Every structure is written in structure tokens, then in C-alpha cells.
Amino acid sequence: MSSDETPNASAPSERRDAVREKAQQVRARQSRSRLIRASSIAVAAIAVVVAGAMAITMTVSSEASKPTLKPANATNDGFAVTGVQGIGLASADDGVADDAEPDDAETDDADATATPEASETAVDLPAIEVRVYVDYLASGARDFQLANVQQLSNWVTEEAATVTYYPVAMLTSKSNGTKYSQRAAGAAACVGTYAPDSFFAFTNALLAQQPEMDSDGMVDGDLAALAIATGAENPKVVRACIEDQDYSAWAKDATERALQEIPDTDGLALTGTPMVLVNGEPYMGELTDPKEFAQFVLTIASDTYYEEAPTPTPTPTPSS
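Numbers given for residues are sequential positions, taken from 1 along each chain in its written order. This being a predicted model, a pLDDT of at least 70 is required before a residue's local features are given, and a value of 80 or more before pairs of side-chain atoms are given or counted; all residues contribute to the totals for chains, interfaces and linings. Where side-chain values are given, they derive from all heavy atoms of the structure, hydrogens and water being excluded.

K.L.:
Any details on the pairing of strand E4 (residues 275-278)? Residues and values, ideally.
P.N.:
Residue exposure (1.4 Å probe, protein chains only): buried if accessible area is under 20% of the type maximum, exposed if over 50%, otherwise partly exposed. Strands are runs of DSSP state E lasting at least two residues, helices are runs of H or I lasting at least four, and both sets are numbered from the N terminus onward. Going residue by residue along E4, you find Met275 and Leu277 tucked away on one face and Val276 and Val278 tucked away on the opposite face as well. Each pair of strands is called paired provided DSSP finds at least two bridges between the two strands. Where strand E2 (residues 128-134) meets E4, four bridges bridge the pair, whose relative direction is antiparallel. Within the sheet, the bridge partner assigned to Val130 lies in E4 and is Val278. In this structure, E4 lies alongside strand E5 (residues 281-282), joined through two bridges in antiparallel fashion. Along E5, the bridge assignment pairs Val278 with Glu281.

K.L.:
For the packing of aromatic side chains, give the residues involved together with the corresponding values.
P.N.:
Within 6.5 Å between ring centres, the rings of Phe, Tyr and Trp (the latter by its six-membered ring) count as paired, and their orientation is classed by plane angle as stacked under 30 degrees, edge-to-face over 60, tilted in between. According to the stated counting rule, one finds nine aromatic pairs in the structure shown. Ring plane angle 75° and centroid distance 6.1 Å describe the contact between Phe79 and Trp250, whose orientation is recorded as edge-to-face. Of this pair, Phe79 sits in strand E1 (residues 79-80) while Trp250 sits in helix H9 (residues 248-260); the two residues are 171 residues apart in sequence, bridging distant segments of the chain. Accessibility expressed as a relative area gives 2% for Phe79, which makes it buried.

K.L.:
Lay out the pairing of E2 with the relevant residues and their values.
P.N.:
Among the seven residues in E2, six count as buried, and that is most of the element. Bridge count for E2 against strand E3 (residues 161-167) is seven bridges, and the pairing is parallel. Bridged to Glu129 within E3 is Thr162.

K.L.:
If you had to explain the sheet that holds E4 to someone new, which residues and values would you point to?
P.N.:
Strands sit in the order E1-E3-E2-E4-E5 across an open sheet of five strands; the sheet is mixed. Where the open sheet ends on each side, the last strands, each with one partner, are E1 and E5. Pairs of residues are marked as contacts when any of their non-hydrogen atoms sit within 4.5 Å. Helix axes are fitted only over the stretch in contact, all axes being lines through C-alpha atoms; the angle between N-to-C directions runs from 0 to 180 degrees. Lying on the sheet, helix H6 (residues 199-208) is in contact with E1, E2 and E3; it crosses E3 at an angle near 55°.

K.L.:
For the nonpolar core, give the residues involved together with the corresponding values.
P.N.:
The nonpolar core is taken to be a set of buried Ala, Val, Leu, Ile, Met, Phe, Trp, Tyr and Cys residues, with the residues joined through side-chain atoms within 4.5 Å. Core analysis: the largest hydrophobic core is formed by 58 residues, its most contacted members being Val130, Leu152, Tyr165 and Phe293. In terms of residue count, helix H5 (residues 180-194) provides more of this core than any other element does, eight residues in total. Residue contacts for Leu152: discarding those within four places in its chain leaves Val130, Phe144, Gln145, Val163, Tyr165, Phe200 and Phe293. Listed in part, the eight residues of the second largest apolar core include Tyr166, Val168, Ala258 and Met275.

K.L.:
So what about the pattern of salt bridges? Which residues, and what values?
P.N.:
Any Lys or Arg side-chain nitrogen found within 4 Å of a carboxyl oxygen on Asp or Glu counts as a salt bridge. With the rule as written, the count across this model stands at four salt bridges. Between Asp77 and Arg257 there is a salt bridge whose closest N-O contact spans 2.9 Å. Here Asp77 is found in the loop between helix H1 (2-65) and E1, whereas its partner Arg257 is found in helix H9, with 180 residues between them in sequence. Ionic pairing is found between Glu129 and Arg131, a salt bridge with its closest N-O pair at 3.9 Å.

K.L.:
Give me unusual backbone geometry: which residues, what numbers.
P.N.:
Each neighbour pair has its own omega, and for Thr273 with Pro274 the value is 5°, a cis peptide bond. Following the sequence through the fold, Pro274 ends up in the loop between H9 and E4. In the Ramachandran plot, Asn76 falls in the positive-phi region, its phi being about 55° despite a non-glycine side chain. The topology assignment puts Asn76 in the loop between H1 and E1. Residue Asn76 is classed as partly exposed on the basis of its relative accessible area, which comes to 43%. Unlike most non-glycine residues, Asn176 shows phi in positive territory, near 55°. The exposure class assigned to Asn176 is exposed, which follows from its relative accessible area of 52%.

K.L.:
Please provide a residue-by-residue account of the packing of H5 against helix H8 (residues 235-243), values included.
P.N.:
The N-to-C vectors of H5 and H8 enclose an angle of 150°; their axes lie 9 Å apart at closest approach. Here H8 runs roughly antiparallel to H5, going by the angle between their axes. Crossing hand, H5 versus H8: right-handed. Only Val237, Val238, Cys241 and Ile242 of H8 make contact with H5, whose side of the interface consists of Ala187, Cys190, Val191 and Tyr194. Charged residues are taken to be Asp, Glu, Lys and Arg, nonpolar residues to be Ala, Val, Leu, Ile, Met, Phe, Trp, Tyr, Cys and Pro, and polar residues to be all remaining types, Gly included. Broken down by class, the residue content of the contact of H5 with H8 amounts to eight nonpolar, no polar and no charged. By the definition adopted for this analysis, an angle is roughly parallel if under 35 degrees, roughly antiparallel if over 145, roughly perpendicular if from 65 to 115, and oblique otherwise. The hand of a helix crossing depends on one turn: near helix anticlockwise from the far one by less than a right angle means left-handed, and clockwise means right-handed.

K.L.:
Please provide a residue-by-residue account of the packing of helix H7 (residues 220-229) against H8, values included.
P.N.:
As a packed pair, H7 and H8 sit with axes 9 Å apart at the nearest point and diverge in direction by 150°. Between H7 and H8, the angle is such that the two are roughly antiparallel. Every pair of crossing elements has a handedness; the one defined by H7 and H8 is right-handed. Judged by residue contacts, Asp220, Gly221, Leu223, Ala224, Ala225, Ala227 and Ile228 of H7 engage Pro235, Val238, Arg239, Ile242 and Glu243 from H8. Along the lines of polarity and charge, the residues of the contact of H7 with H8 split into eight nonpolar, one polar and three charged.

In C-alpha cells:
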């Protein structure tokens, strides 16, 4: 009997072993599938990260390799005023009519302080050189420009003085990340390069329409439109220059140079804007008082004249 029962007893055991082996095979296949899926996801994630890193690297490398364009008409990072047309487009209150006429008293005061007196120019005073370091987001720069724009215009027109502006960007971080200060300085460089006769008008308009601190400021398209509205010649070139931010990097570099040292001075460096220099001497007076500034200009010119005047040679006394 025992010999007959052995095959029957082993059959269930063999079936269980077969089921167990099949189950192990299924689990092994499932494990391989999960491993393959996980590997695929990991590979895809790595590919995305690598692609992103490559894109960032290419962008940074492109920006780093892009040469910094330098304005052709800038001398020591400054733009000399060559024309004063278009000044009436921007007013102190950003909206006051261009044809608003001052009363007679105001006209008399303006005439009294606009240019050096004829009696002083008659003695051949040395050239008056006015240099203005301007951040287009600085309220002090706005105050000085709007108070002195008329007499600065007169001095340039009558060739009583040279006026040069140096766009800088000290307040780049004060515009919600838009870098308005730097972009505005770069835009001014575009106008100074491609439309130099409109540079003074554009500078005046930028300051007259100065945005609030810690606001976004004008976008590049608006800066270009303002430049064209102030009469910039070569409007297509000027617009492309501003919208492409051709001189934005230059503005940053120019600011860093001025913070180190201002050329042709006795070791002066930029500490804030506006910094106004007359024949290399800083103006420390009231920014909104054109009479005080005009008096400072005349004093510096007079001092320079007497410093440079030759000392008379004594006449020999005949001997007896």
C-alpha cells in the first residue's frame, strides 16, 4: 500500500512548488519592470537637469563673451552738450504746457543769472567747464536739472561754457529688479552716440519725467519713444540701441570707474548724484538755486583767470 500512495502524496507538493516558482517569476518580472521605470524616470530627470544647466551655461557664456560696447561720442564716459533744441518738451511738473510764459519778474531774474556779465567776459575769462554726473533716478539730479536747465542752455548757446553729462547708475537696485537706473543711463548713451544734438533734451526729459524710487520705471520701449519724442535723429537706430540695451553694460562699468576716481580732478571720486564740477571744483551749494550756482561758476572762472594770469615783469630802473 505504501508503494502505491507515494506518487499521490508528492503530487500536491509538486504543485505547490510549481505555483511558488511561478509566483517568484512574476514578482521578478514586476521588480524588473519597476526598476526599468524608475531608471527611465531618473534618466529623464537627469536629462532635464543637464539640458537646463547647459542652457544656463550657454546664456552666461554668451553674455560673458559679448563685448561691452563703448559709446563713440563719449570722452572719459561723458557726453558734451552740442545742442539745446527740444528742451520745451519736458517741464518741471511733467505736464506744464511748453508755451507757459514766465512773468516779467521771473524773466528779469533769469536774464540776470543766465550768463556771465559782459564786463567779466571782456577780460577773457578762461573757459568754463561744467561737468554733471547724473543718475536718472536720483531726485537731487532732477532738482538740479530743472532749476538750472535755462541758464545751462544759455551758456551752451552763447558758448560761455561747455556742459558735459556723465550718465551713471548708482541706484540700479532701487527699481524692483528692472535696473531702471542702469537702463536709463544706457539709453542716454544711445542718444549721445547716435543723436548727440538731442542728448541734452533727452536728459532733461528723463529727469523731468523721473519715476518714483522703488518703482519699475519706464520699460525700454518707453525710453526709446521718449528719445524720439525729444527729436532724436536716426530714430530707428536709436530705438534699436535702447531696446537692445547696447550700452547697459557700459553704464555699469562707467559707474564703477567714477566710483574709483573722476578724471582730471585732484583725486575726487563719485559719492552721490548729482556731482557737479566746475573747472574740476565740486559745487556744494543749493541744487535748486540757479543764482547760487551761477555765482559759483563766475567765482571759479575768476579765480582760475587770476591763477593763470602771467605775473608782470618788473621794469628795470635806469641806473644813474
